[in-house]
Amino acid sequence: MKKLATYICALILISVAGSCENPLKDFDLLISTEVIKQSATLRIVDENGSTINGVSVTLESGDTQDIYNMNGFRDFKPTENLVTFGLDPKRTASASAPVRFRVTISASGYTTQIVPVSITDASAGIETITLRRPSQLPDGVTEVRRNITLGANGATLEPITISFPAADGSGQVSLDIPAGTQFRDADGNLIVGTNLEVVVGSIDGRNRDAQSILPGGSLRSSNVVLEGGASSAGTFSPGAITRINMVINGIAVRQFSQPLSLGLPVSSDYISPLTNRAISTAESFQVFTNSSTDRIWRFEQNTVVTGDATAGYRVTFPITHLTFFLAGEFGAACSVQPVISFTGDWMTNGSTYPVTVEAGWGGNVIASGQYSISSSMKDITVADLPASGVTIVVKNSAGTVLAETLLGACGQTTQIALPNPGDPANPTATLQLYVRCPDKVDPITLLPTFQLYYRPTGTQAYAFLGTVTNGFLRTTLLRTDGTRYDFRAIWNNRVKVVGGKTISVDNTATVGIQPGDIIGEKAGATNLAILTEECGKL
């Protein structure tokens, strides 16, 4: 693995007893490579939001040659459930020149996902990727299974129809297999067997849980092959989605000797985000498919909407291969990645707050991410959004909507005046850590940046408190009334958890050996040795 840069400073804490001290004090002394400034972070969890053991993350394709972890290596093992991709400092990404690539995320017993990542000079926040076990269907997905007897030549003996209610309740999904159909593998080889296992799934594309089983786990995609062969980033507005898998003798079917007929219902309340017209028989959809080989969506054909409001609307079209089919519309993204810039009086005292930013289009939430907002991190970006018609919704940590606005036109920064995301009932608490080298009087002021999570002691779930920048965070989300908290810091390849800490208004500490400094009671000698060694490199 290639190393980018030497270590440049020491941080964080040292285990110290005390109930009313800076909670940052109990995170072991670490080494920081703040050489990498531009990055993107993914949070990888299971269907319950829990950390998955043994997750593997690898660079798949795209502009990957200058991507490293925050320690400067090309190794992307998640820390807890976070994995960060950093850009070589010799390059500078921007909204007009983003660095885009795809990564493969896998774990034993879970369906592998290939997801897009984009780095610019604005914060990409923390995007959650959900890995699911194949046997566990999320809300908004239904499946039916059929075993079909085949003849000696591996062909169907009679016409077969598989029909079942769609996941969104809009009507019946139907798959018609003609008599005499034979089945082939991905290379076109005939598969001969006496039993065909068929699994047909209906996916409610407007359900966020259901979207997680789509290739990439989202309606957004960084590389869609359009009609005519050109490629574009953008977002789907789904009228109907299905996933079909077939197996003979343990071999996956990918092609057929003759077309099958697939019929999918379309909800009568569908409204086009491109034209604002309601669904009718005057409309048509594009059909995109996605194979299991490269997980890229490709235009397949156009299909006409049939039916009426009383009988229901549907699309019916021939298929010659498997596995995902999406009938709907596609909104291409701008070539310049959108930037959202926040302002607010609450930023002036250096406060940092977590917010959730959602993007909506065509009645769907098409993106959601966690961002840490402060005066030094006020610009954010969301990749692969359609060029028009997107609504941005900002929520605080309690889920309260703080702001809502339309995303600006291509190339324009969307300005949002953000009300205070904190809790006005609590006083402002400051967490600040410094490091003082043993032979120096002045403390070091260049310290690493890391993600800090918290929970009231005795509760289960950690919440995002924000990004600790240069050893500093100021917030009103923590009570100073004696409430005890557990903290979890995630930085590079390290996780540190401390528990039962109370917070005062001023939580300032300096790691060092001068009077009033902290060096730790559990491993003071070791910490001093590390501190001395790293200070010698500065």
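Residues numbered from 1 in each chain as written. Predicted model: local features only at pLDDT ≥ 70, side-chain atom pairs only at ≥ 80, totals over all residues. Heavy atoms only, no water.

### What about the pattern of salt bridges?
Tallying each qualifying case throughout the model produces 14 salt bridges. A salt bridge links Arg-91 to Asp-63; the nearest nitrogen and oxygen atoms lie 2.9 Å apart. Here Arg-91 is found in the loop between strand S6 (82-87) and strand S7 (99-106), whereas its partner Asp-63 is found in the loop between strand S4 (56-62) and strand S5 (67-68), with 28 residues between them in sequence. Measuring nitrogen to oxygen at the nearest pair gives 2.9 Å for the salt bridge that ties Arg-488 to Glu-80. In this pair, Arg-488 sits in strand S36 (residues 485-491) while Glu-80 sits in the loop between S5 and S6, placing the two residues 408 residues apart along the sequence. One network of salt bridges, in which partners are shared, links Asp-63, Asp-66 and Arg-91. (Salt bridge = Lys/Arg side-chain N within 4 Å of Asp/Glu carboxyl O. Helix = DSSP H or I, 4+ residues; strand = E, 2+ residues; numbered from the N terminus.)

### So, the sheet that holds S36
Taken in spatial order, the four strands line up as S34-S33-S36-S37 in an open sheet, and their pairing is antiparallel. Taken across any chain shown, the strands that pair with only one partner, and hence form the sheet edges, are strand S34 (463-468) and strand S37 (494-501). Within this sheet the neighbouring strands show an average axis-to-axis angle of 20°, counted without direction. In this sheet, S34 lies alongside strand S33 (residues 450-456) in antiparallel orientation, the contact comprising five bridges. Each residue of the ladder has a partner; that of Tyr-453, found in S34, is Phe-464. (Pairing = 2+ DSSP bridges. Axes fitted to C-alpha atoms, helices over the stretch in contact; angles between N-to-C directions.)

### Focus on the side chain of Ser-174
One can find Ser-174 in strand S12 (residues 172-177). Its relative accessible area of 16% is what places Ser-174 among the buried residues. A polar contact is formed between the side chain of Ser-174 and the side chain of Arg-314, at a distance of 3.2 Å. Leaving out residues up to four positions away in the same chain, Ser-174 has contacts with Ile-162, Ser-163, Ser-261, Leu-262, Gly-263 and Arg-314. (Buried < 20%, exposed > 50% of the residue type's maximum accessible area, 1.4 Å probe, protein only. Polar contact = N/O pair within 3.5 Å; in protein donor to acceptor, adjacent residues only side chain to side chain. Contact = heavy atoms within 4.5 Å.)

### Overview of the state of the cysteines
Scanning all chains against the criterion turns up one disulfide. Shown here is the disulfide that connects Cys-334 with Cys-410, its sulfur atoms set 1.7 Å apart. The sign of the S-S torsion, about -70°, decides the handedness of the disulfide formed by Cys-334 and Cys-410: left-handed. One end of the pair, Cys-334, is in the loop between strand S24 (324-332) and strand S25 (339-343); the other, Cys-410, is in the loop between strand S30 (401-406) and strand S31 (414-417), with 76 residues separating them in the sequence. You can call Cys-334 partly exposed: its relative accessible area is 22%. (Disulfide = S-S within 2.5 Å.)

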